[in-house]
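Observations on the model geometry
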2 protein chains.
Amino acid sequence: MSKKKYNFGAGPCILPDSVLNSASDAVKDYNRTGLSILEISHRSSEFEKIINECEDLVRELLKVPADYSILFLQGGASTQFSMVPMCLMQPHKGAVYLDTGYFSLKAIKEARMFGPVQVVASSKDRDYDYIPVGYHIPRGSAYFHCTSNNSIEGTEIFDFPETDVPIVCDMSSDIFSREINVADFGLIYAGAQKNMGPAGLTLVIVKKALLKGIQNLIPSMSDYRIYNDHNSMFNTPPLFSIYVAMLNLRRLKEMGGIKQAEETNIAKAKLLYDAIDSSECFYGLADKADRSRMNITFKMYNREREPEFLNFAESRGVVGIGGFGSVGGFRASLYNAMDMLGVEFLVQCMSDFIHKDLFKNFKLKQI
Amino acid sequence: MSKKKYNFGAGPCILPDSVLNSASDAVKDYNRTGLSILEISHRSSEFEKIINECEDLVRELLKVPADYSILFLQGGASTQFSMVPMCLMQPHKGAVYLDTGYFSLKAIKEARMFGPVQVVASSKDRDYDYIPVGYHIPRGSAYFHCTSNNSIEGTEIFDFPETDVPIVCDMSSDIFSREINVADFGLIYAGAQKNMGPAGLTLVIVKKALLKGIQNLIPSMSDYRIYNDHNSMFNTPPLFSIYVAMLNLRRLKEMGGIKQAEETNIAKAKLLYDAIDSSECFYGLADKADRSRMNITFKMYNREREPEFLNFAESRGVVGIGGFGSVGGFRASLYNAMDMLGVEFLVQCMSDFIHKDLFKNFKLKQI
């Protein structure tokens, strides 16, 4: 194997080595069945055990109450942007959205195809560098939609509104990174490729009462009830992604569960934000109170030197820290599988770059 | 590794050992990048090369003309059942369907949500054991939909109708198994998990002129134009499934392409059908002219002894030959990755079972 990279990419993201090793073995021979994990049937008892264990782990780790269903789908969060309104909007009941950036805007755009959408608040006025507060959610709305972690802008919602309206939350980039109270939500969805598993899998956690209220005529593959009624196997599910997600959640449990992961994530983010704040070279993009623990966005005061730092970091094996196109600068994603050592390495890299800089007049030619 | 099984399952199906070995290695370290194939970004140059090679291989192997787009989606054929009418039906133009069994019926059910559907012919009268002919496709229909291979009933369409109406074909279970003339079709779709790759990937080949004619307001993830405009990466695609499909198509090309695969598939199917026809124990379910080369369905004259044969076969490492629930009996799926040796092994197994049977009065206790 070549030298392992420090991958701070926003997703598909890194997974623990132990998970990758088990997944690699299973591609050759799953659990000594004589079959690859890629060729077992979704109707086999082997796969039934896998999907059931995956569901049990989601329920245990997130403490999902019994009146919530756990569903496995395909198509990523982008598919949920239309499935949510398709299923939950009603002719006489519009939906309410919070606009906190790139992905909320995408969700809003899709929802408008299905009925009235009210955007109750937006942080667009300041390039989405904060999470709006103090907005009012009209009673009787079909649902209130928000994006818990804004992976492009680097903000995260830590306080969800108190409301009788069902909260629908896109948790793609922070699910399993911190404790949440599932009972506060009507529906949670998440593309798997951050803290859960490989791309190609979407997790949905939905209150059963919401499913009962669905009245629309919906294509089967866009209807949560169909997944609920068929144990997520109305058709062939993405078996491998579910298997790897199961391995990853099994390991998360062994490592102490979400409480432990959250403590580590807080410490990791603090280390990097402290390094940014204390440097005279870098600055963070988001309001301090709303800073994401998952995606740390920052820039250099001297924007022209950013490509230089990117190259410097890459030469040391740090990859994936380029900021999203429309934002620029840097983005370091500190998902669960990124350990403290990786963050320390990045901080050291930043420090070395600054240090090198101080002496650049003397040393430039030797570098 | 434990003893390799002979897997005749209908899908997710077997893949060649060389493909599984490469896929297994890439899960640990993709191409010496220091990153797992599960953690590389879909925006990376590495993945761009993979998806482009996959597209090129589809185009080369199936001789896809330049005026057709090749798209990679998620959600399986079941998602196409609604995407096709959502995109291609028009208020004044209904669609025409051919009913050849379980999966055509599912497609018809979804299409009815979007507009008028005319079923021009059905083989339901004889439990779908043949492919109807001599039906009329009304001019001006939005499209004509058919299922080229009926994996549950064991029939396959070898002659497609001549019509000015765009033919939309579900080729999930026989694509890449035989030569086709893509120019005869308006749109071809296929879940990958038979002859192409692992579950979680759907291939769509669509005539560009059809895309230009789309007038409906469609959710982004259900709109072929969005996939076409974003090189199938509007959102995170199922990277691993695309990678394994690429490996598998690369191997198909090395092995002589589809022409060679088709010759082998004809020989494999003949071997098994001949064994069925010449036995006094088994009989085939489908009309001889319409017999599928991919899914061979058969039963025993003495239905009560079927579980005994299933056990007998399984004790020898033959798995996945139980027929679909509503059909019963047996189904042996002979996808590309099943080689002649595997089919010979199954035929030997049937012969031994019959032979054992002839002497059962003498030998029953020892078996």
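Rules behind the numbers
- Numbering of residues starts from 1 in every chain and runs along the sequence as written.
- Chain letters start at A and ligand numbers start at 1, both assigned in the order the entries are written.
- Where totals are concerned, whole chains, interfaces and linings use all residues; where local detail is concerned, this predicted model gives features only for residues with pLDDT of at least 70, and gives and counts side-chain atom pairs only at 80 or more.
- For side-chain calculations, the full set of non-hydrogen atoms in the structure is used, while hydrogens and water are omitted.
- Working definition of a nonpolar core: buried Ala, Val, Leu, Ile, Met, Phe, Trp, Tyr and Cys residues. They are joined through side-chain atoms within 4.5 Å.
- Using a 1.4 Å probe on the protein chains alone, a residue whose accessible area is under 20% of its type maximum counts as buried, one over 50% counts as exposed, and one in between counts as partly exposed.
- In what follows, a contact means two residues having at least one pair of non-hydrogen atoms within 4.5 Å.
- Only DSSP runs of H or I reaching four residues or more are called helices, and only runs of E reaching two or more are called strands; each is numbered from the N terminus.
- Side-chain atoms alone can form a polar contact between residues adjacent in sequence; in general such a contact is a pair of N or O atoms within 3.5 Å, and within protein one must be able to donate a hydrogen while the other accepts it.
- Note: two strands are recorded as paired if DSSP finds a minimum of 2 bridges between them.
- Whenever a helix is involved, its axis is fitted only over the stretch in contact; in every case the axis is a line through C-alpha atoms, and angles between N-to-C directions fall within 0 to 180 degrees.
- UniProt positions are given in the numbering used here, feature names are shortened, and annotations may be inferred rather than shown by experiment.

1. Observations concerning the nonpolar core
- Ranked by internal contacts, the top residues of the largest apolar core, which has 128 residues, are A:Phe176, A:Met196, B:Phe176 and B:Met196.
- Setting aside residues no more than four positions away along its own chain, A:Phe176 makes contact with A:Val58, A:Leu61, A:Leu62, A:Asn195, A:Met196, A:Leu203, A:Leu249, A:Leu252, A:Ile258, A:Ala261 and A:Asn336.

2. Points about the environment of A:Asp125
- Inspection of the secondary structure puts A:Asp125 in the loop between β4 (117-122) and β5 (144-147).
- Within the local environment of A:Asp125, its side chain forms a polar contact with the side chain of A:Tyr130, the two groups lying 2.8 Å apart.

3. A few points about the sheet that holds strand β9 (residues 187-191) of chain A
Residues and elements named next belong to chain A.
- Here we have seven strands laid out as an open sheet, ordered β2-β10-β9-β8-β5-β3-β4, and mixed in their pairing. The sheet terminates laterally at β2 (68-73) and β4, the two strands that pair on one side only. The mean angle between the axes of side-by-side strands here comes to 20°, regardless of whether they run parallel or antiparallel.
- Two strands pair when backbone bridges link them, and strand β8 (residues 167-170) and β9 are joined in this way by three bridges, in the parallel orientation. The partner of Cys169 across the bridge, within β9, is Ile188.
- Most of the contacts of helix α3 (residues 76-88) go to β9, to which it runs at about 155°, and overall it touches β2, β3 (95-99), β8, β9 and β10 (202-207).

4. Digging into the UniProt feature "binding site: pyridoxal 5'-phosphate" (unreviewed entry) in chain A
- When the UniProt feature table is mapped onto this chain, "binding site: pyridoxal 5'-phosphate" (unreviewed entry) is found at A:Ala77, A:Ser78, A:Phe103, A:Asp170, A:Gln193, A:Asn235 and A:Thr236. In summary, the annotated positions, distributed over 160 residues, remain apart in three dimensions as well, the widest C-alpha pair reaching 28.1 Å.
- Ignoring any residue separated from it by four or fewer positions in sequence, one finds A:Gln193 in contact with A:Gly11, A:Pro12, A:Cys13, A:Pro198, A:Ala199, A:Leu201 and B:Thr236.
- Mapped onto the fold, A:Thr236 is located in the loop between α6 (224-229) and α7 (239-254).
- For A:Thr236, the contacting residues outside a window of four places in its chain are A:His42, A:Gln74, B:Pro12, B:Gln193 and B:Ala199.
- Here B:Gln193 takes part through its side chain, which lies 3.2 Å from a polar atom of the side chain of A:Thr236.

5. Things to note about the sheet that holds strand β11 (residues 282-284) of chain B
Residue and element names in this part refer to chain B.
- The strand order across the open sheet built from three strands is β11-β12-β14, with neighbouring strands paired in antiparallel fashion. Here the strands that pair on one side only, and so sit at the sheet edges, are β11 and β14 (330-333). This sheet shows a mean twist of 35° between the axes of neighbouring strands, independent of strand direction.
- Both β11 and strand β12 (residues 295-300) contribute to a ladder of three bridges, which runs antiparallel. Bridge assignment links Tyr283 to a residue of β12, and that residue is Lys299.
- Sheet strands in contact with helix α8 (residues 257-278) are β11, β12 and β14, and its direction is about 10° off that of β12.

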